[in-house]
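# Geometric and topological summary
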Amino acid sequence: MHYLRLACGLLISLLPAVRAWSQQSRPLHVTDFDAWRSVTGQTLTQDGRRLAYELSPQKGDTRLYVRDLTTARADSFARGTAAAWAADGSWLAFSIKPYADSVRKGQLAKLKADKLPKDSLGIWLPDKARLIRVPLVKSFKVARDGGDWVAFLQDKTAVPKDTSTREKKKTPEYGPLVLMRPVDSAVYTFASVTDYALSDNGSLAGWITAMGDSIDSAAVWICSPGQGPARCLHRGPGKITQLAMDKSGTQIAFLYSADTTDAPVYTLWYWQAGDSTARQVLDETTSGMPAGWTVSAHYLPVFSENAQYLMLGTAPRPVLPPKDTLTEDEKVRLDVWHWQDARIQPHQLKQKESDLTYTWLARWEPGTSTFVQLGDTTVRQVRMLRKGNSPVFLGLDDQPYQQLVSWEAHSYRDVYVRDIRGSWEKILTKHPQDVDISPDGGYIVWYDSQDSAWYSWSRADRSRQCLTCGIPVAWYDEDHDTPSDPSPYGIAGFSADDRFVLIGDRYDLWKLDMKGQDRPVCLTQGTGRESRIRYQYIRLDRENPWVEPVLLLTGFHEVSRQMGVYRVRLDGKKTVQTLTVSAHTYNGFVRARKSDRLIWQRSDFYTCPDLWTGDTDFRSVTRLTDANPQQRDFRWGQVRLVSWKRPDGLPLEGLLYTPANMTPGQQYPMIVYYYELSSDGLNTYVTPRPSRSTVNASYYTSNGYVIFMPDIRYRTAQPGEDAYEAVMSGVDHLLRTYSFIDSTRMGLQGQSWGGYQTAYIVTRTDRFAAAMAGAPVSNMTSAYGGIRWGTGLSRMFQYEETQSRIGATLWEDPAAYLRNSPLFSVPQIGTPLLIMHNDQDGAVPWYQGIELFVAMRRLAKPAWMLTYNGEDHNLTRRANMVDLTIRMRQFFDHYLQGAPMPPWMSAGIPAVDKGTTLGY
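No experiment lies behind these values; they were computed from the predicted model shown. (Residues numbered from 1 in each chain as written. Predicted model: local features only at pLDDT ≥ 70, side-chain atom pairs only at ≥ 80, totals over all residues. Heavy atoms only, no water.)

## Here we look at the overall build of the protein chain
Counting secondary structure elements, the protein chain contains 14 helices and 55 strands. Against the 2.2 N^0.38 benchmark of 29 Å for 920 residues, the protein chain shows a C-alpha radius of gyration of 31 Å, consistent with a compact globule. Taking the principal axes of the C-alpha coordinates as reference, the protein chain spans close to 85 × 75 × 70 Å. Here the protein chain holds 920 residues, and the buried ones make up 53% of them. If you take every contact in the protein chain between residues at least 6 apart in sequence, the share linking residues at least 24 apart comes to 55%. Just so you have it, the protein chain exposes about 40,700 Å², and 50% of that area is on carbon and sulfur atoms. (Helix = DSSP H or I, 4+ residues; strand = E, 2+ residues; numbered from the N terminus. Rg over C-alpha atoms; globule rule 2.2 N^0.38 Å. Buried < 20%, exposed > 50% of the residue type's maximum accessible area, 1.4 Å probe, protein only. Contact = heavy atoms within 4.5 Å. Areas by Shrake-Rupley, 256 points an atom, 1.4 Å probe, with all protein chains shown as cover.)

Okay, structure coming up:
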């Protein structure tokens, strides 16, 4: 286990290095965040020899890196992104973004989007060390399985102006399609292209053109790159859309309508190799098409993996809207809420566009011209198996139970199955959990919350088997603490013989015979539960619908919070093999398609998620990136796991982040942050970045704060008190254990559910000098009947069965809603409170923050509320994130560090000064 020694050595050597850097370093500042980089977009050649990845700063220009993993040669390209290798790895295509500063200048000049700087295409040939650059490229495609060509669509401004005549010509509506062979720069160009496709093997390109100066005349073309001229498959007045091609480039499908109204009716057209032109194959008169239905333009047809079938969407025939004969003043603006509606009006309005464009799955077989409508008004959702290869389909329908989502946590569905030649057969009624079906369609597998067991149903003999009855482990979430049925841990996959399913309990992975004949096999031999290791399957081959004969697993150690990578055999004949274990987080595993080369990311609190590589045995492990070497220039805190007991004796854990280079005998301010459970994040890197809503442990510890993140465990009907007991017992434990925490300079901070807990805790104690609550629910009685505007759903289910954990309706237990609502205890608040609640919050209605603020204001209690205009539950605009980071830090610096009160806190910002001063 050479790698184990290497990993441990790296960890041991890293910690003193961090402390050594800290001696010569400075605190993090908000302006330092922009340059912090993350590793993204990693992609390997199929043979695993070469790797491309991006290092992306939070603000500024990304850089693309290309590494030869056999020779260690490295190249990089400014602003490169979205890289794709040729199938043989001989070249790499990628987008080149314009300079961020150039885009910013254009935005400052109020340029329209189409006038801003455009992307370019880069093509790197590593064997020749040659870069080809093409300007004004909107998109590109590379054949994943073969071929020498790259296809790309240029902006319409790439067409050179015709200066041979004085006649003014109209700018083309669409740009040209270009086929290029990078090895010799051979190029073919085709004008005015609206859409295009390239077969997986690279043998065929297809595209749609808009003819002349109007989009009302179109054509479909194909060519075999480098092997002859382009051929027109169809042309005519009207519209062509949704171009599809099979993997081998021998079949094409598209939708065509000669109707140029606002409600065009489309037909399906088809071409196969050997035909001279495309032909119409489906329309509203096709046998099997539901009456009044036709082909839908809102679904991209797709050929099955084996190219034998075409999956497409159908829908009721579009209706031309009536002519608008009313002025805006004459129109009625109205929503009618009906008590028997399946979905309440806000939910309907949120899903209106989806409902208007909803499509039902159908299948057409080119060989026999057989059309089968699969989805219908009863079975709306249809899942196809093995990328359309299978004749079996799974059907789901939630329509009878849509009202229940307003007050129940589960989304119930009826479950159906059918053969392509048969009809839908209902298997389960009002099923609350997800279901799965084996890739070959032989078995349906589901979890039954009524008896906490997994079941299978055989399509061959219609028999039902209990797969887990008699196995003495829990198959549901053992940490579940809301008043609803717990969810299962889930299915890892199916065996290739369509015989076994892999299902996990909390710790171990089991192989279960879906026929119920062979005894259950614990592939991890019970080592997970025995050692409290949570194993999870790493799916390395996303193209394979079955689990592999040899499985790689991650294993999270609940006690130490270490993580490891392990190997087991599907046949269960060998014990679990440990490949690596260390105090890190491992994720992002990618394996080359045709070699055992692996790449992954590894991190801990002290090291960002850098790229590592090795083989599937974890031999010859190499670190590939050092994304943020500048971290050595800053003070970096430390983290440890702490344990204590709640007043009732329940053991609790949490994370304690401490400042770098603490001076013996000195005391430091502490901020307590919480949501639900945090301690599993012991080895998680906290990237310094502007805050969307919460304190950043790396930033605050770098600036002399202690951050405490306690786990909170809940009981029904007392979420506020549970948060209070967990926080206070944890704080008391820390004050008894560590002399470096100043009990007079402590603060609270939480967002959303954490914001609610902050608002509640300050009604129960004055021990904290300051508190910040982001998007808090303050009044459960008004929030209960409110709407989650982001989804349009009623909030009732949240209070009765999920996170709020009341466990009863408002009229069944009004006292529980009242005692858990901070609003009704505002007179007891003695802690200055900063609230953030945004006016477009789609999760917690804005009025919840307003109710709390105006109550504190009336009672003359120090309170501020930050409302970012147009922002949702968590901030999305970087400028707003930076602003919140500054204000939240100023707030805590004033109350916990004795810094002067900034103007926005001392005097506010009047509306007449909005936009002209920030009040920092």
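On we go.
## Re the pattern of salt bridges
For the structure shown, the criterion picks out 57 salt bridges. For Asp610, the salt bridge identified is with Arg623, shortest N-O distance 2.7 Å. With Asp610 in strand E44 (residues 607–615) and Arg623 in strand E45 (residues 622–623), the pair connects residues that are 13 residues apart, well separated along the chain. Take Asp610: its relative accessible area is 1%, and that puts it in the buried class. For Arg623, a relative accessible area of 37% gives the class partly exposed. Asp626 is the salt-bridge partner of Arg632, the closest N and O atoms lying 3.3 Å from each other. The class of Asp626 is partly exposed, set by a relative accessible area of 33%. Through salt bridges with shared partners, a single ionic network connects Glu478, Asp479, Asp505, Arg506, Arg529, Arg532, Arg534, Glu558, Arg561, Glu653, Asp680 and Arg713. (Salt bridge = Lys/Arg side-chain N within 4 Å of Asp/Glu carboxyl O.)

## Things to note about the packing of aromatic side chains
On inspection of all chains with the given rule, the structure shows 40 aromatic pairs. With 5.7 Å between their ring centres and 90 degrees between their planes, Tyr256 and Trp269 make a pair best called edge-to-face. Here Trp269 lies in strand E19 (residues 267–272) and Tyr256 lies in strand E18 (residues 251–257), a separation of 13 residues in the sequence. Assigned by exposure class, Tyr256 and Trp269 land together as buried. On the numbers, 5.9 Å between centres and 70 degrees between planes, the contact of Trp864 with Phe891 is edge-to-face. Of this pair, Trp864 sits in strand E55 (residues 863–866) while Phe891 sits in helix H13 (residues 878–897), and the two are 27 residues apart along the sequence. A relative accessible area of 0% places Phe891 in the buried class. Members of the aromatic cluster, joined through ring pairs, are Trp36, Phe605, Tyr606, Phe634, Trp636, Tyr657 and Tyr685. The ring of Tyr309 carries Arg363 above its face, with NZ or CZ at 3.6 Å from the centroid. A cation over a ring is seen here: Arg418 above Trp424, with NZ or CZ 5.5 Å from the ring centre. (Phe/Tyr/Trp six-rings, centres within 6.5 Å; stacked < 30°, edge-to-face > 60°. Lys NZ or Arg CZ within 6 Å of the ring centre and 35° of its normal.)

## Here we look at the side chain of Ser120
With respect to the element layout, Ser120 can be found in strand E7 (residues 120–125). Beyond its immediate sequence surroundings of up to four residues, Ser120 is in contact with Phe94, Ser95, Ile96, Arg133, Val134, Pro135, Leu136 and Val137.

## Points about the sheet that holds strand E12 (residues 186–190)
Consider a sheet: its strands pair through backbone hydrogen bonds, and that pairing is either parallel or antiparallel. Spatially, E9-E10-E11-E12 is the arrangement adopted by the 4 strands of the open sheet, whose pairing is antiparallel. The open sheet has two free edges, formed respectively by strand E9 (137–142) and E12, since each of these has just one partner strand. Pairwise comparison of adjacent strand axes, ignoring direction, gives a mean angle of 20 degrees for this sheet. Note: strand E10 (residues 150–154) against strand E11 (residues 177–181), 4 bridges, orientation antiparallel. Residue pairing in the sheet places Leu153 in a bridge with Leu177 of E11. (Pairing = 2+ DSSP bridges. Axes fitted to C-alpha atoms, helices over the stretch in contact; angles between N-to-C directions.)

## Observations regarding the state of the cysteines
Each disulfide consists of a covalent bond between the sulfur atoms of two cysteine residues. Applying the stated criterion across every chain, the model contains 1 disulfide. Here Cys466 connects covalently by a disulfide to Cys469, the sulfurs 1.9 Å from one another. Its S-S torsion of about 90 degrees marks the bond between Cys466 and Cys469 as right-handed, since a negative value means left-handed. Residue class for Cys466 comes out partly exposed when judged on its relative accessible area of 26%. The thiol of Cys223 is not disulfide-bonded; the next cysteine sulfur, from Cys232, is found 13 Å away. Cys223 gets classed as buried once you look at its relative accessible area, which sits at 5%. (Disulfide = S-S within 2.5 Å.)

## Details of unusual backbone geometry
One non-glycine residue with positive phi stands out, namely Ser192, at about 50 degrees. Summarising the element assignment, Ser192 is placed in the loop between E12 and strand E13 (193–198). Owing to a relative accessible area of 14%, Ser192 belongs among the buried residues under this scheme. Even without glycine at this site, Arg386 takes up a positive phi of about 50 degrees. Topologically, Arg386 is positioned in the loop between strand E26 (381–384) and strand E27 (392–397). Assessed through its relative accessible area of 31%, Arg386 is described here as partly exposed.

## Let's talk about the pairing of strand E20 (residues 279–282)
The two faces of a sheet get side chains in turn, since along a regular strand they alternate between them. Sheet topology note: the E19/E20 ladder contains 3 bridges and is antiparallel. Residue pairing in the sheet places Leu268 in a bridge with Leu282 of E20.

## Re the sheet that holds E7
If you walk across this open sheet you meet the 4 strands as E5-E6-E7-E8, and the pairing is antiparallel. Each edge of the sheet is formed by a strand with only one pairing partner; in this case those strands are strand E5 (80–85) and strand E8 (130–134). Recorded for the sheet is a direction-independent mean angle of 20 degrees between the axes of neighbouring strands.

## Observations concerning the pairing of strand E1 (residues 37–44)
Of the pairings in the sheet, the one linking E1 to strand E2 (residues 50–57) comprises 6 bridges and is antiparallel in character. The residue bridging Thr43 from the neighbouring strand is Ala52, located in E2. In textbook terms, the turn of a hairpin is the stretch between consecutive antiparallel strands, and for E1 and E2 this stretch comprises 5 residues, one of which, Gly48, has a positive phi near 75 degrees.

## Brief notes about the confidence of the model for the protein chain
Residues of the protein chain with pLDDT of at least 70 account for 96%, and the chain-wide mean is 94. Every residue in residues 1–22 is under pLDDT 50, and counting partners more than four places away or in other chains gives 35 contacts. (pLDDT = per-residue confidence, 0-100.)

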